[in-house]
Amino acid sequence: MSDNHRADQVSNPAIDRAPHNSLPVPPMVFNLWGTEDEAKPLSDSIKKMLGQLLGVQGSLPRRPAARIQLSAPRTTEADRTAFAEIVGEAFVSSDDEQRMPRARGKSYLDLLDWRTDGEIAAPDMVVAPATDDEVLSILEYCTKEKIAVVPFGGGTSVVGGLNPVDGGHRAVISLDLARFDQLEDVDPVSGLATLGAGLSGPHAEMLLSEEGLQLGHFPQSFPYATIGGFAATRSSGQNSAGYGRFDDMVRSLTVVTPKGIIEAGQASPATAAGPALKQLFLGSEGTLGIITKVRVRVHPIPETKLYEAFSFPTFIDGVNALRDVEQTGAGPTVMRLSDEIESSVNLTSTDNIGEQDESQHTGCLALTVFEGTTQHAQSRHAETRAIMLAHGGVSLGEGPARKWEQGRFGAPVLRDSLIDAGALCETLETATDWSNVPRLKKAVGNALSRALVADGSPALIMCHVSHVYAEGCSLYFTVVADAGENPEERWKKAKTAASEAMATHNGTVTHHHAVGTDHLPWMGLEVGGLGIAMLQAVKRELDPAGILNPGKTYALSPEQAAPNAKRQL
């Protein structure tokens, strides 16, 4: 069950997206996840599932770029001249070809926008600086000239974080960080490295692998998301059981604000001087400053990986096993559990969805992966295995876990084909304490079901645990249904119902997808009116003109932030 392991890399154009003589081009196609070459046609088993189980009959064709109308640029020639003097003429553009891929992220609603006839609001100009001083000069100019600034990394936001909201300013620019693409320094003795914020996941791993090191942060957005984006959204990767969330990995950040440049974080492994300034910027989504460099914890490339899958009679049996493993400290690198429905459609293997895999398992599928030195991986594997079996798990061998790893970045690509076929397909996630998992899962599932089947159409609602903590875990829901005549309103209704269920049943409305614009209505419940007032006071100090990514995260007045629902404890 082992093999030699190098840094987990994906061949991807994101690695080469930062040419040094022209404005970088985002690697993902504006209206798809990924590129045309990555497209996944629907298998016969998926088509059968859509038609027979969900009644999906229609289609929703893509509109070619030539038929899409973007909002007219509002920046002036004087703006262009000013930005060109800062970053160079080659790194400024108001062409539609540059504005289009930076106009939206990759949520279901974002992708729907490209398929409708309405005008698409786009950033008025794209600017790509290469140094902290250039970023500062841009922010100073935009403050003076009343221009909003939306930072752009990999373009993978699924919560409206990239939408070009101008916040009442006369224009909005997309500030592309792709030229911050260097491995700045490495301290292999301390296990630290400083990475440019514009490095994509694969590019960062490639550079670290040349030093025999690995970051090991693999969210599903890994092929395209960037180091700065990981920090700005408090990303959680699929190896979080072993290495923690990305915010756990961050030692310090370089952040450029309209008032100056901040090195947020400590110079030593720990300090009693607090509060920790870096926590203000982790998860700030570009509203408090532009992250340009991130100093992170790294580790040697693991020499061994071990895999094992298990089947549990019920989801709660599996949850109890995962809790015991985590609280015991057995230490798998990856630990996942699918519920009965997700397991039955084989969602963990994107190439075989809708088919029963060779293991012929029933119940709920759990996956574990262990990596490190051979001895360490083996000892953790043995301890975890004993706990899983003690909770009623049945070993399925290594096959399902290997299949999941091989296809783990393919699900977002498949969504494009599902939308083409007329299906509604989206995800949402939450987290809660272990004791509350059954109640929260039921509440969110029921809310989604009521919202989606109200018109008599069936829906496939699946759930898995992919991130675990001593106190609790995440719950990640995947929804597939017929898009209907008004897919935008259909999903908004379902998303609102699910978010209300999370907020009122002691769950967070976002575990790792961030806030953006989609989760704003529930931020009062997350941090309270006084908490939002505190954060807005920091923003007024750092960004007095309010130019940084307006309308995102905590962009509410304290009065608006007063919660309109109460948690049920």
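This structure is a prediction, so every number in the text was calculated from the model and none was measured.

Colleague: I'd like to hear about the nonpolar core, residue by residue, with values.
Modeller: Counting 51 residues, the largest nonpolar core has Leu-337, Val-444 and Leu-448 as the members making the most contacts within it. In terms of residue count, the dominant contributor to this core is helix H16 (residues 437–452) (eight residues). Those residues within four positions of Val-444 in sequence are excluded, and the remaining contacts are Leu-428, Phe-477, Ala-498, Ala-501 and Met-502. Counting residues in hydrophobic clusters, the runner-up holds 29 residues, among them Ala-204, Ala-225, Val-255 and Leu-542.

Colleague: Can you explain the state of the cysteines? Please cite residues and give values.
Modeller: Each disulfide is one covalent bond, formed between the sulfur atoms of two cysteines. Under the counting rule described, the total for this entry stands at zero disulfides. Its sulfur unpaired, Cys-425 is 15 Å from the next cysteine sulfur, which belongs to Cys-463. Free cysteine: Cys-473, not disulfide-bonded; nearest cysteine sulfur from Cys-463 at 8.4 Å. For Cys-473, a relative accessible area of 1% translates into the label buried.

Colleague: Requested: an account of the pairing of strand S9 (residues 250–257), with residues and values cited.
Modeller: Across the eight residues of S9, eight count as buried, placing the element largely inside the fold. Pairing of S9 with strand S11 (residues 290–297), which is carried by six bridges, proceeds in the antiparallel orientation. Bridging across to S11, Val-256 finds its partner in Ile-290. Pairing of S9 with strand S10 (residues 260–265), which is carried by six bridges, proceeds in the antiparallel orientation. Paired with Thr-257 across the strands is Gly-260, a residue of S10. Hairpin connection from S9 to S10: two residues lie between these consecutive antiparallel strands.

Colleague: Hey, could you go over the sheet that holds S11 for me, with residue numbers and the actual values?
Modeller: Taken in spatial order, the five strands of this open sheet run S6-S7-S11-S9-S10, and their pairing is antiparallel. The open sheet has two edge strands with one neighbour each: strand S6 (183–187) and S10. Recorded for the sheet is a direction-independent mean angle of 10° between the axes of neighbouring strands.

Rules used throughout
Residues numbered from 1 in each chain as written. Predicted model: local features only at pLDDT ≥ 70, side-chain atom pairs only at ≥ 80, totals over all residues. Heavy atoms only, no water. Core = buried A, V, L, I, M, F, W, Y, C linked by side-chain atoms within 4.5 Å. Buried < 20%, exposed > 50% of the residue type's maximum accessible area, 1.4 Å probe, protein only. Helix = DSSP H or I, 4+ residues; strand = E, 2+ residues; numbered from the N terminus. Contact = heavy atoms within 4.5 Å. Disulfide = S-S within 2.5 Å. Pairing = 2+ DSSP bridges. Axes fitted to C-alpha atoms, helices over the stretch in contact; angles between N-to-C directions.

Structural measurements only, silent on function.
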